Amino acid sequence: MREYLIYRRFDSFVHFSDTHARARFFATRPDPDSIQPQFFFPLNWTRSLLDRGTHPLHSPPSAFQPPLSVFSSKVPDHQVAGHQAGQGHPGPLIDDSGRFYKPLQDDYRGATEAAFYTSFSLNTRVPDHIRRFFPVFYGTKLLEASDGSGQRPHLVLEDVVSGLSHPSVMDVKIGCRTWYPEASEDYIQRCFMKDRKTSSLFLGFRISGLQLYGSQESGLWKPERKLVQNLSADDVRVVLKKFVSSNSPTDPNLNPDCSFASSVYGGSSGILAQLLELKSWFEDQTIYHLNSCSVLMVYEKKKDLKGESVDAKVKLIDFAHVTEGNGIIDHNFVGGLCSLIKFISDILTSPDECTTKVCLQNSDNNNEEILTGSNECTTKLSL
Ligand SMILES: O=P(O)(O)O[C@@H]1[C@@H](OP(=O)(O)O)[C@H](OP(=O)(O)O)[C@H](O)[C@H](OP(=O)(O)O)[C@H]1OP(=O)(O)O
Ligand SMILES: Nc1ncnc2c1ncn2[C@@H]1O[C@H](COP(=O)(O)OP(=O)(O)O)[C@@H](O)[C@H]1O
(Lines give C-alpha, C1' and ligand atoms only; values in the text may rest on other atoms or scores of the structure.)
(Ligands and ions follow the chains in the order given, each with its own letter.)
Protein backbone atom coordinates (compact mmCIF):
# COMPACT_ATOMS: atom_id res chain seq x y z
CA MET A 1 0.00 0.00 0.00
CA ARG A 2 1.40 3.41 -0.98
CA GLU A 3 1.42 6.36 1.32
CA TYR A 4 1.06 9.96 0.11
CA LEU A 5 1.18 13.26 1.79
CA ILE A 6 -1.87 15.21 0.72
CA TYR A 7 -1.23 18.11 2.95
CA ARG A 8 0.98 19.29 5.68
CA ARG A 9 -0.66 21.44 8.28
CA PHE A 10 2.61 23.11 9.08
CA ASP A 11 2.76 21.42 12.45
CA SER A 12 2.50 17.83 11.28
CA PHE A 13 2.50 15.74 8.13
CA VAL A 14 -0.67 13.91 7.33
CA HIS A 15 -0.48 10.63 5.45
CA PHE A 16 -3.20 8.66 3.80
CA SER A 17 -3.20 5.33 2.11
CA ASP A 18 -4.36 5.38 -1.56
CA THR A 19 -7.85 4.42 -0.50
CA HIS A 20 -8.07 6.88 2.33
CA ALA A 21 -6.61 9.68 0.25
CA ARG A 22 -9.21 9.17 -2.45
CA ALA A 23 -12.00 8.94 0.09
CA ARG A 24 -10.86 12.02 1.91
CA PHE A 25 -10.36 13.99 -1.26
CA PHE A 26 -13.72 13.14 -2.73
CA ALA A 27 -15.40 13.78 0.57
CA THR A 28 -14.15 17.37 0.54
CA ARG A 29 -14.83 18.06 -3.14
CA PRO A 30 -18.13 16.70 -4.46
CA ASP A 31 -17.27 16.50 -8.16
CA PRO A 32 -15.52 13.19 -8.82
CA ASP A 33 -15.92 13.46 -12.62
CA SER A 34 -13.61 16.40 -12.91
CA ILE A 35 -11.14 15.51 -10.19
CA GLN A 36 -8.15 13.37 -10.86
CA PRO A 37 -6.79 12.28 -7.51
CA GLN A 38 -3.53 11.05 -8.99
CA PHE A 39 -1.47 14.02 -7.96
CA PHE A 40 -1.24 13.73 -4.24
CA PHE A 41 2.20 14.62 -3.18
CA PRO A 42 4.86 12.36 -1.95
CA LEU A 43 6.50 13.90 1.08
CA ASN A 44 7.84 16.97 -0.61
CA TRP A 45 5.70 19.98 0.11
CA THR A 46 8.62 21.79 1.64
CA ARG A 47 10.72 23.76 -0.78
CA SER A 48 14.00 22.06 0.03
CA LEU A 49 12.54 18.81 -1.21
CA LEU A 50 10.71 20.42 -4.12
CA ASP A 51 13.94 22.03 -5.25
CA ARG A 52 15.53 18.67 -5.93
CA GLY A 53 14.10 18.97 -9.42
CA THR A 54 11.74 16.02 -9.43
CA HIS A 55 8.18 16.74 -10.37
CA PRO A 56 5.79 14.39 -8.66
CA LEU A 57 3.00 15.52 -10.95
CA HIS A 58 4.72 14.09 -13.99
CA SER A 59 5.21 10.63 -12.64
CA PRO A 60 1.91 9.72 -11.06
CA PRO A 61 1.44 6.17 -9.86
CA SER A 62 -0.04 4.12 -12.69
CA ALA A 63 -3.09 3.18 -10.62
CA PHE A 64 -4.04 6.82 -10.66
CA GLN A 65 -3.91 7.43 -14.43
CA PRO A 66 -7.03 9.35 -15.38
CA PRO A 67 -9.41 8.27 -18.11
CA LEU A 68 -9.35 10.34 -21.28
CA SER A 69 -12.65 12.08 -21.72
CA VAL A 70 -14.29 14.52 -24.10
CA PHE A 71 -13.71 17.97 -22.74
CA SER A 72 -14.71 21.28 -24.19
CA SER A 73 -12.57 24.23 -23.20
CA LYS A 74 -11.30 27.51 -24.55
CA VAL A 75 -8.62 30.08 -23.86
CA PRO A 76 -10.06 32.80 -21.56
CA ASP A 77 -10.20 36.26 -23.05
CA HIS A 78 -10.38 37.73 -19.55
CA GLN A 79 -6.79 36.75 -18.61
CA VAL A 80 -4.83 39.94 -17.85
CA ALA A 81 -1.40 38.72 -16.64
CA GLY A 82 0.73 35.61 -16.22
CA HIS A 83 1.76 32.97 -18.72
CA GLN A 84 -0.42 32.94 -21.79
CA ALA A 85 -0.91 30.31 -24.45
CA GLY A 86 1.16 30.82 -27.55
CA GLN A 87 4.26 32.45 -26.12
CA GLY A 88 6.24 29.29 -25.59
CA HIS A 89 4.06 28.39 -22.61
CA PRO A 90 0.76 26.62 -22.30
CA GLY A 91 -1.82 29.05 -20.91
CA PRO A 92 -4.97 28.59 -18.86
CA LEU A 93 -8.27 27.27 -20.17
CA ILE A 94 -11.87 27.73 -19.07
CA ASP A 95 -15.03 25.76 -19.64
CA ASP A 96 -18.73 26.62 -19.64
CA SER A 97 -19.29 25.35 -16.11
CA GLY A 98 -17.23 28.12 -14.50
CA ARG A 99 -13.91 26.32 -14.07
CA PHE A 100 -10.46 27.75 -14.69
CA TYR A 101 -7.72 25.28 -15.64
CA LYS A 102 -4.23 26.52 -14.88
CA PRO A 103 -1.41 24.44 -16.40
CA LEU A 104 1.08 23.31 -13.80
CA GLN A 105 4.58 24.49 -14.59
CA ASP A 106 7.15 21.73 -14.93
CA ASP A 107 9.38 22.79 -12.11
CA TYR A 108 8.88 23.46 -8.40
CA ARG A 109 6.37 26.23 -9.24
CA GLY A 110 3.69 23.80 -10.40
CA ALA A 111 4.33 21.50 -7.45
CA THR A 112 4.31 24.40 -4.99
CA GLU A 113 1.02 25.80 -6.24
CA ALA A 114 -0.73 22.42 -6.25
CA ALA A 115 0.61 21.69 -2.77
CA PHE A 116 -0.55 25.08 -1.56
CA TYR A 117 -4.10 24.62 -2.86
CA THR A 118 -4.25 21.13 -1.39
CA SER A 119 -2.99 22.32 1.97
CA PHE A 120 -5.16 25.41 2.01
CA SER A 121 -8.37 23.67 1.02
CA LEU A 122 -8.01 21.23 3.91
CA ASN A 123 -6.62 23.59 6.52
CA THR A 124 -9.17 24.02 9.28
CA ARG A 125 -7.26 26.99 10.70
CA VAL A 126 -8.40 29.12 7.77
CA PRO A 127 -11.74 30.73 8.62
CA ASP A 128 -14.55 30.62 6.04
CA HIS A 129 -14.75 34.39 5.78
CA ILE A 130 -11.12 34.31 4.54
CA ARG A 131 -11.48 31.17 2.42
CA ARG A 132 -13.97 33.02 0.22
CA PHE A 133 -11.11 35.24 -1.00
CA PHE A 134 -9.42 32.28 -2.68
CA PRO A 135 -10.67 30.47 -5.81
CA VAL A 136 -12.32 27.17 -4.95
CA PHE A 137 -9.91 24.32 -5.68
CA TYR A 138 -11.32 21.20 -7.39
CA GLY A 139 -8.12 19.15 -7.65
CA THR A 140 -6.03 18.54 -10.74
CA LYS A 141 -6.81 17.13 -14.15
CA LEU A 142 -4.75 15.93 -17.11
CA LEU A 143 -5.74 18.01 -20.12
CA GLU A 144 -4.50 18.72 -23.60
CA ALA A 145 -2.36 21.83 -23.14
CA SER A 146 -3.55 25.00 -24.87
CA ASP A 147 -0.30 25.29 -26.86
CA GLY A 148 -0.79 21.83 -28.39
CA SER A 149 2.20 20.39 -26.53
CA GLY A 150 0.29 17.34 -25.33
CA GLN A 151 -1.30 16.27 -22.08
CA ARG A 152 -0.32 18.15 -18.96
CA PRO A 153 -1.70 18.39 -15.42
CA HIS A 154 -3.82 21.45 -14.74
CA LEU A 155 -5.12 22.88 -11.49
CA VAL A 156 -8.91 22.92 -11.59
CA LEU A 157 -10.07 26.17 -10.00
CA GLU A 158 -13.17 28.28 -9.79
CA ASP A 159 -13.19 30.77 -12.67
CA VAL A 160 -13.72 33.90 -10.61
CA VAL A 161 -14.70 35.89 -13.71
CA SER A 162 -17.26 33.37 -14.90
CA GLY A 163 -20.75 34.66 -15.59
CA LEU A 164 -19.68 38.25 -16.29
CA SER A 165 -20.28 39.42 -19.85
CA HIS A 166 -18.00 42.49 -19.78
CA PRO A 167 -15.74 42.06 -16.81
CA SER A 168 -13.33 44.74 -15.66
CA VAL A 169 -10.33 42.89 -14.21
CA MET A 170 -7.14 44.07 -12.54
CA ASP A 171 -4.26 41.90 -11.33
CA VAL A 172 -2.18 43.57 -8.60
CA LYS A 173 0.98 41.74 -7.52
CA ILE A 174 1.46 42.30 -3.80
CA GLY A 175 4.76 42.86 -2.00
CA CYS A 176 7.80 45.07 -2.44
CA ARG A 177 9.80 41.81 -2.74
CA THR A 178 8.51 39.20 -5.19
CA TRP A 179 11.02 36.41 -4.62
CA TYR A 180 10.91 33.70 -2.03
CA PRO A 181 13.75 33.61 0.50
CA GLU A 182 15.40 30.36 -0.63
CA ALA A 183 15.47 31.31 -4.32
CA SER A 184 18.68 31.14 -6.35
CA GLU A 185 20.86 34.25 -6.72
CA ASP A 186 19.87 34.53 -10.40
CA TYR A 187 16.18 34.36 -9.63
CA ILE A 188 16.48 36.92 -6.84
CA GLN A 189 18.38 39.28 -9.15
CA ARG A 190 15.75 38.92 -11.88
CA CYS A 191 12.91 39.64 -9.43
CA PHE A 192 14.79 42.50 -7.83
CA MET A 193 15.29 44.17 -11.23
CA LYS A 194 11.57 43.82 -11.95
CA ASP A 195 10.63 45.11 -8.50
CA ARG A 196 12.89 48.12 -8.95
CA LYS A 197 11.72 48.87 -12.47
CA THR A 198 8.06 48.65 -11.51
CA SER A 199 6.20 50.26 -8.62
CA SER A 200 6.74 47.19 -6.38
CA LEU A 201 9.77 48.45 -4.51
CA PHE A 202 8.37 51.93 -4.02
CA LEU A 203 4.71 51.13 -3.34
CA GLY A 204 4.74 47.52 -2.19
CA PHE A 205 2.61 46.44 -5.16
CA ARG A 206 2.46 46.69 -8.92
CA ILE A 207 -0.29 46.38 -11.46
CA SER A 208 0.52 43.22 -13.42
CA GLY A 209 -2.25 43.61 -15.97
CA LEU A 210 -5.78 44.83 -16.47
CA GLN A 211 -8.72 45.08 -18.75
CA LEU A 212 -11.60 47.42 -18.36
CA TYR A 213 -14.90 47.85 -19.97
CA GLY A 214 -15.32 51.31 -21.50
CA SER A 215 -18.70 51.51 -23.15
CA GLN A 216 -20.89 49.82 -25.72
CA GLU A 217 -18.96 51.61 -28.47
CA SER A 218 -15.41 51.27 -27.15
CA GLY A 219 -15.82 47.79 -25.64
CA LEU A 220 -13.04 46.32 -23.52
CA TRP A 221 -9.73 48.11 -23.15
CA LYS A 222 -6.65 46.01 -22.42
CA PRO A 223 -3.44 48.03 -22.31
CA GLU A 224 -0.09 46.50 -23.14
CA ARG A 225 1.00 44.57 -20.07
CA LYS A 226 4.66 45.50 -19.94
CA LEU A 227 3.71 49.17 -20.02
CA VAL A 228 1.16 48.84 -17.24
CA GLN A 229 3.75 47.07 -15.10
CA ASN A 230 6.23 49.92 -15.48
CA LEU A 231 3.94 52.68 -14.23
CA SER A 232 5.10 55.08 -11.54
CA ALA A 233 3.21 55.68 -8.30
CA ASP A 234 1.26 58.58 -9.82
CA ASP A 235 0.40 56.57 -12.89
CA VAL A 236 -0.78 53.69 -10.76
CA ARG A 237 -3.16 56.09 -9.05
CA VAL A 238 -4.57 57.16 -12.44
CA VAL A 239 -5.07 53.57 -13.54
CA LEU A 240 -6.80 52.69 -10.26
CA LYS A 241 -9.12 55.65 -10.92
CA LYS A 242 -9.74 54.67 -14.52
CA PHE A 243 -10.71 51.23 -13.31
CA VAL A 244 -13.80 52.77 -11.67
CA SER A 245 -14.62 55.60 -14.08
CA SER A 246 -17.46 55.89 -16.54
CA ASN A 247 -15.69 57.97 -19.16
CA SER A 248 -13.58 56.46 -21.86
CA PRO A 249 -10.24 55.19 -20.54
CA THR A 250 -8.56 56.06 -23.84
CA ASP A 251 -9.76 59.64 -24.36
CA PRO A 252 -6.84 61.94 -23.52
CA ASN A 253 -9.18 64.87 -22.88
CA LEU A 254 -11.21 63.22 -20.17
CA ASN A 255 -10.31 63.05 -16.50
CA PRO A 256 -11.28 59.82 -14.81
CA ASP A 257 -14.58 60.72 -13.17
CA CYS A 258 -14.43 57.89 -10.59
CA SER A 259 -18.19 57.63 -10.87
CA PHE A 260 -18.17 53.93 -9.91
CA ALA A 261 -15.70 54.37 -7.05
CA SER A 262 -18.35 54.30 -4.36
CA SER A 263 -20.12 51.22 -5.72
CA VAL A 264 -16.95 49.25 -6.61
CA TYR A 265 -14.35 50.35 -4.06
CA GLY A 266 -16.71 51.64 -1.35
CA GLY A 267 -19.61 50.27 0.65
CA SER A 268 -19.84 47.46 3.16
CA SER A 269 -19.16 44.78 0.54
CA GLY A 270 -16.94 46.77 -1.82
CA ILE A 271 -13.30 46.17 -2.65
CA LEU A 272 -11.95 48.32 0.17
CA ALA A 273 -14.02 46.47 2.80
CA GLN A 274 -12.82 43.13 1.40
CA LEU A 275 -9.17 44.21 1.41
CA LEU A 276 -9.52 45.39 5.01
CA GLU A 277 -10.97 42.03 6.01
CA LEU A 278 -8.04 40.26 4.36
CA LYS A 279 -5.59 42.60 6.04
CA SER A 280 -6.94 41.87 9.50
CA TRP A 281 -6.37 38.13 8.96
CA PHE A 282 -2.92 38.58 7.44
CA GLU A 283 -1.86 40.73 10.37
CA ASP A 284 -2.20 37.61 12.53
CA GLN A 285 -1.77 34.52 10.37
CA THR A 286 1.66 32.90 10.31
CA ILE A 287 0.86 29.74 8.33
CA TYR A 288 1.70 30.89 4.81
CA HIS A 289 3.92 33.49 3.19
CA LEU A 290 2.32 34.53 -0.08
CA ASN A 291 5.39 35.53 -2.05
CA SER A 292 4.57 37.06 -5.43
CA CYS A 293 0.87 36.44 -5.11
CA SER A 294 -1.75 38.74 -6.68
CA VAL A 295 -4.98 40.37 -5.68
CA LEU A 296 -7.43 40.02 -8.56
CA MET A 297 -10.15 42.70 -8.55
CA VAL A 298 -13.17 42.00 -10.72
CA TYR A 299 -16.49 43.71 -11.37
CA GLU A 300 -19.10 44.19 -14.06
CA LYS A 301 -19.51 47.84 -14.97
CA LYS A 302 -22.52 47.08 -17.16
CA LYS A 303 -24.47 46.04 -14.08
CA ASP A 304 -23.87 49.41 -12.47
CA LEU A 305 -25.01 51.17 -15.65
CA LYS A 306 -28.27 49.20 -15.35
CA GLY A 307 -28.59 50.11 -11.68
CA GLU A 308 -27.80 46.56 -10.49
CA SER A 309 -25.21 45.69 -7.84
CA VAL A 310 -21.74 45.45 -9.45
CA ASP A 311 -20.78 42.53 -7.26
CA ALA A 312 -17.15 43.64 -6.91
CA LYS A 313 -14.86 40.74 -6.03
CA VAL A 314 -11.42 40.43 -4.51
CA LYS A 315 -9.62 37.09 -4.96
CA LEU A 316 -6.06 36.06 -4.20
CA ILE A 317 -4.37 34.10 -6.97
CA ASP A 318 -0.97 32.74 -8.01
CA PHE A 319 0.59 30.64 -5.29
CA ALA A 320 3.60 29.29 -7.19
CA HIS A 321 6.03 30.82 -4.68
CA VAL A 322 4.24 30.31 -1.38
CA THR A 323 6.43 29.27 1.52
CA GLU A 324 5.65 28.19 5.05
CA GLY A 325 5.14 30.98 7.55
CA ASN A 326 6.89 29.18 10.42
CA GLY A 327 5.21 31.38 13.01
CA ILE A 328 6.26 34.64 11.35
CA ILE A 329 3.86 37.25 10.02
CA ASP A 330 4.03 37.81 6.27
CA HIS A 331 5.15 41.43 6.56
CA ASN A 332 5.94 41.71 2.87
CA PHE A 333 2.36 40.82 1.98
CA VAL A 334 0.78 42.89 4.76
CA GLY A 335 2.84 45.95 3.78
CA GLY A 336 1.80 45.73 0.13
CA LEU A 337 -1.83 45.20 1.05
CA CYS A 338 -1.79 48.27 3.33
CA SER A 339 -0.34 50.35 0.53
CA LEU A 340 -3.02 49.22 -1.95
CA ILE A 341 -5.66 49.93 0.71
CA LYS A 342 -4.28 53.44 1.15
CA PHE A 343 -4.46 54.16 -2.60
CA ILE A 344 -8.03 52.90 -2.84
CA SER A 345 -9.20 54.71 0.25
CA ASP A 346 -7.59 57.95 -1.03
CA ILE A 347 -9.56 57.59 -4.28
CA LEU A 348 -12.75 57.24 -2.25
CA THR A 349 -12.03 60.23 -0.05
CA SER A 350 -10.48 62.56 -2.66
CA PRO A 351 -11.35 61.39 -6.16
CA ASP A 352 -10.49 64.78 -7.72
CA GLU A 353 -6.93 64.90 -6.50
CA CYS A 354 -4.40 65.99 -9.11
CA THR A 355 -3.11 63.21 -11.36
CA THR A 356 -0.76 62.82 -14.30
CA LYS A 357 -1.12 61.80 -17.92
CA VAL A 358 -0.25 58.23 -18.62
CA CYS A 359 0.75 57.11 -22.08
CA LEU A 360 -0.04 53.49 -22.78
CA GLN A 361 -0.47 51.16 -25.68
CA ASN A 362 -3.44 48.99 -26.32
CA SER A 363 -2.29 45.39 -26.53
CA ASP A 364 -4.62 44.76 -29.50
CA ASN A 365 -3.56 47.44 -31.94
CA ASN A 366 -0.34 48.88 -30.52
CA ASN A 367 -1.68 52.41 -30.99
CA GLU A 368 -0.18 54.77 -28.53
CA GLU A 369 -2.75 56.35 -26.26
CA ILE A 370 -2.44 59.15 -23.79
CA LEU A 371 -4.55 58.53 -20.74
CA THR A 372 -5.18 61.78 -19.00
CA GLY A 373 -5.70 61.97 -15.29
CA SER A 374 -6.24 65.67 -14.72
CA ASN A 375 -5.91 68.77 -16.89
CA GLU A 376 -4.17 70.68 -14.15
CA CYS A 377 -1.19 68.34 -14.07
CA THR A 378 0.63 67.91 -17.32
CA THR A 379 3.39 65.38 -16.70
CA LYS A 380 3.34 63.26 -19.83
CA LEU A 381 5.14 59.96 -19.53
CA SER A 382 6.74 58.39 -22.53
CA LEU A 383 6.85 54.68 -21.95
O1 LIG B 1 8.13 34.99 -18.66
P2 LIG B 1 7.33 36.24 -18.51
O3 LIG B 1 7.93 37.43 -19.15
O4 LIG B 1 5.89 36.04 -18.92
O5 LIG B 1 7.37 36.60 -16.97
C6 LIG B 1 6.48 36.03 -16.02
C7 LIG B 1 5.73 37.17 -15.40
O8 LIG B 1 4.86 37.70 -16.37
P9 LIG B 1 4.93 39.18 -16.84
O10 LIG B 1 5.55 39.11 -18.18
O11 LIG B 1 5.76 39.95 -15.84
O12 LIG B 1 3.50 39.57 -16.89
C13 LIG B 1 4.85 36.69 -14.27
O14 LIG B 1 4.28 37.81 -13.64
P15 LIG B 1 2.69 37.97 -13.49
O16 LIG B 1 2.22 36.75 -12.77
O17 LIG B 1 2.16 38.12 -14.86
O18 LIG B 1 2.55 39.23 -12.70
C19 LIG B 1 5.65 35.95 -13.23
O20 LIG B 1 6.56 36.84 -12.62
C21 LIG B 1 6.41 34.82 -13.88
O22 LIG B 1 7.27 34.26 -12.94
P23 LIG B 1 6.83 33.10 -12.00
O24 LIG B 1 6.09 32.09 -12.83
O25 LIG B 1 5.92 33.74 -11.00
O26 LIG B 1 8.11 32.61 -11.46
C27 LIG B 1 7.26 35.26 -15.03
O28 LIG B 1 7.72 34.10 -15.69
P29 LIG B 1 9.23 33.69 -15.79
O30 LIG B 1 10.03 34.94 -16.02
O31 LIG B 1 9.54 33.03 -14.51
O32 LIG B 1 9.23 32.75 -16.93
N1 LIG C 1 -9.16 31.40 -10.71
C2 LIG C 1 -9.12 32.31 -11.68
N3 LIG C 1 -10.25 32.76 -12.26
C4 LIG C 1 -10.19 33.67 -13.26
N5 LIG C 1 -9.06 34.18 -13.76
C6 LIG C 1 -7.90 33.77 -13.22
C7 LIG C 1 -7.86 32.83 -12.15
N8 LIG C 1 -6.57 32.61 -11.83
C9 LIG C 1 -5.84 33.37 -12.65
N10 LIG C 1 -6.63 34.07 -13.49
C11 LIG C 1 -6.19 34.95 -14.59
O12 LIG C 1 -4.96 34.47 -15.11
C13 LIG C 1 -3.93 35.44 -14.92
C14 LIG C 1 -2.63 34.75 -14.55
O15 LIG C 1 -2.81 33.98 -13.38
P16 LIG C 1 -1.58 33.56 -12.48
O17 LIG C 1 -2.08 32.57 -11.49
O18 LIG C 1 -0.93 34.79 -11.96
O19 LIG C 1 -0.63 32.86 -13.56
P20 LIG C 1 0.97 32.80 -13.67
O21 LIG C 1 1.42 31.81 -12.63
O22 LIG C 1 1.18 32.33 -15.07
O23 LIG C 1 1.51 34.18 -13.41
C24 LIG C 1 -4.46 36.42 -13.88
O25 LIG C 1 -3.93 37.71 -14.06
C26 LIG C 1 -5.96 36.39 -14.16
O27 LIG C 1 -6.28 37.24 -15.25
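Residues numbered from 1 in each chain as written. Chains lettered and ligands numbered in written order. Predicted model: local features only at pLDDT ≥ 70, side-chain atom pairs only at ≥ 80, totals over all residues. Heavy atoms only, no water.

1. Digging into the pairing of strand β6 (residues 151-158)
Of all the eight residues making up β6, seven are buried; the element is thus mostly covered by neighbouring parts of the structure. Where strand β4 (residues 99-103) meets β6, five bridges bridge the pair, whose relative direction is antiparallel. Its bridge partner lying in β6, tyrosine 101 is registered against valine 156. Across six bridges, strand β5 (residues 137-144) lies against β6 in antiparallel orientation. Residue leucine 142 lies in a different strand from β6, and its bridge partner there is proline 153. (Buried < 20%, exposed > 50% of the residue type's maximum accessible area, 1.4 Å probe, protein only. Helix = DSSP H or I, 4+ residues; strand = E, 2+ residues; numbered from the N terminus. Pairing = 2+ DSSP bridges.)

2. A few points about the site of ligand 2
In the region of ligand 2, 17 residues are neighbours, and Val80, His83, Lys102, Glu158 and Asp171 sit closest. At a separation of 3.0 Å, an oxygen atom of ligand 2 approaches a polar backbone atom of valine 80. Interatomic distance of 2.9 Å between a backbone N/O atom of glutamate 158 and a nitrogen atom of ligand 2. Alone, ligand 2 offers 560 Å² of accessible surface; in the complex the protein occludes 94% of this. Across the shell around ligand 2, the residue classes break down as eight nonpolar, four polar and five charged. Looking at the shell around ligand 2, you find at least three residues from each of domain 1 (3-158) and domain 2 (167-371). (Near = heavy atom within 4 Å. Polar contact = N/O pair within 3.5 Å; in protein donor to acceptor, adjacent residues only side chain to side chain. Areas by Shrake-Rupley, 256 points an atom, 1.4 Å probe, with all protein chains shown as cover. Nonpolar A, V, L, I, M, F, W, Y, C, P; charged D, E, K, R; others polar. Domains from an automatic or database assignment.)

3. Considering the sheet that holds strand β3 (residues 93-94)
Here four strands make up an open sheet; going across it, the order is β3-β4-β6-β5 and the pairing antiparallel. Sheet topology places β3 and β5 at the edges, where each strand pairs with a single neighbour. Lying over the sheet, helix α3 (residues 108-122) contacts β4, β5 and β6, oriented at roughly 35° with respect to β6. (Contact = heavy atoms within 4.5 Å. Axes fitted to C-alpha atoms, helices over the stretch in contact; angles between N-to-C directions.)

4. Some remarks on the layout of surface pockets
Considered as a void within the structure, the second largest pocket measures approximately 240 Å³ in volume. Forming the walls of the second largest pocket are 16 residues, and the residues nearest its centre are His78, Ile94, Ser162, Gly163 and Leu164. Classifying every residue of the lining of the second largest pocket by side-chain character gives five nonpolar, six polar and five charged. Taken domain by domain, the makeup of the lining of the second largest pocket includes at least three residues from each of domain 1 (3-158) and domain 2 (167-371). (1 Å grid on protein atoms, 1.4 Å probe; cavity = no way out; pocket = protein on both sides within 12 Å on 5 of 7 lines; lining within 4 Å. Points joined across faces, edges and corners; volume = space filled by probe spheres on them.)

5. With respect to α3
With 15 residues, α3 should cover 21 Å at 1.5 Å per step; its first-to-last C-alpha distance of 21 Å lies within 8% of that length. Within α3, 14 of the 15 residues are buried, which leaves the element mostly enclosed by the surrounding structure. (Expected span 1.5 Å × (residues − 1).)

6. A closer look at unusual backbone geometry
Phi at serine 292 takes a positive value of approximately 60°, unusual for a residue other than glycine. Looking at serine 292, the relative accessible area reads 5%, which means it is buried.

7. A few points about the confidence of the model for the chain
Averaged over every residue, the pLDDT of the chain is 80; the share at 70 or more is 73%. Of the regions scoring below 50 in pLDDT, residues 1-68 engages in 148 contacts with residues more than four places distant in sequence or in other chains. Predicted confidence for residues 372-383 stays below pLDDT 50, and this span has 36 contacts to residues more than four positions away or in other chains. (pLDDT = per-residue confidence, 0-100.)

8. Some points on the pattern of salt bridges
Two side chains bearing opposite charge may form a pair once their charged atoms approach each other closely. Applying the stated rule across the entire model yields eleven salt bridges. Across the pair lysine 102 and glutamate 113 runs a salt bridge whose closest N-O atoms are separated by 2.8 Å. With lysine 102 in strand β4 and glutamate 113 in helix α3, the pair connects residues that are eleven residues apart, well separated along the chain. Each member of the pair, lysine 102 as well as glutamate 113, is classed as buried. When salt bridges with common partners are traced through the structure, they connect Lys102, Glu113 and Asp318 into a single cluster. (Salt bridge = Lys/Arg side-chain N within 4 Å of Asp/Glu carboxyl O.)

9. What about the side chain of lysine 315?
Mapping lysine 315 onto the fold places it in strand β12 (residues 313-317). At 2.8 Å, the side chain of lysine 315 and the backbone oxygen of arginine 132 are in polar contact.

10. Quick look at the packing of aromatic side chains
Enumeration according to the criterion identifies 17 aromatic pairs in this entry. Taking 5.5 Å as the distance between ring centres and 90° as the angle between the ring planes, the aromatic pair formed by phenylalanine 205 and phenylalanine 343 counts as edge-to-face. Of this pair, phenylalanine 205 sits in strand β8 (residues 205-213) while phenylalanine 343 sits in helix α12 (residues 331-349), and the two are 138 residues apart along the sequence. Classification of phenylalanine 343 as buried rests on a relative accessible area of 7%. In this structure an aromatic cluster arises from ring pairing among Phe116, Tyr117, Phe120, Phe134, Phe137, Tyr288 and Phe319. Taking NZ or CZ as reference, arginine 99 lies 3.6 Å from the ring centre of tyrosine 138, over its face. When the ring centre of phenylalanine 120 is taken as origin, the NZ or CZ atom of arginine 131, which lies over that ring, is 5.2 Å away. (Phe/Tyr/Trp six-rings, centres within 6.5 Å; stacked < 30°, edge-to-face > 60°. Lys NZ or Arg CZ within 6 Å of the ring centre and 35° of its normal.)

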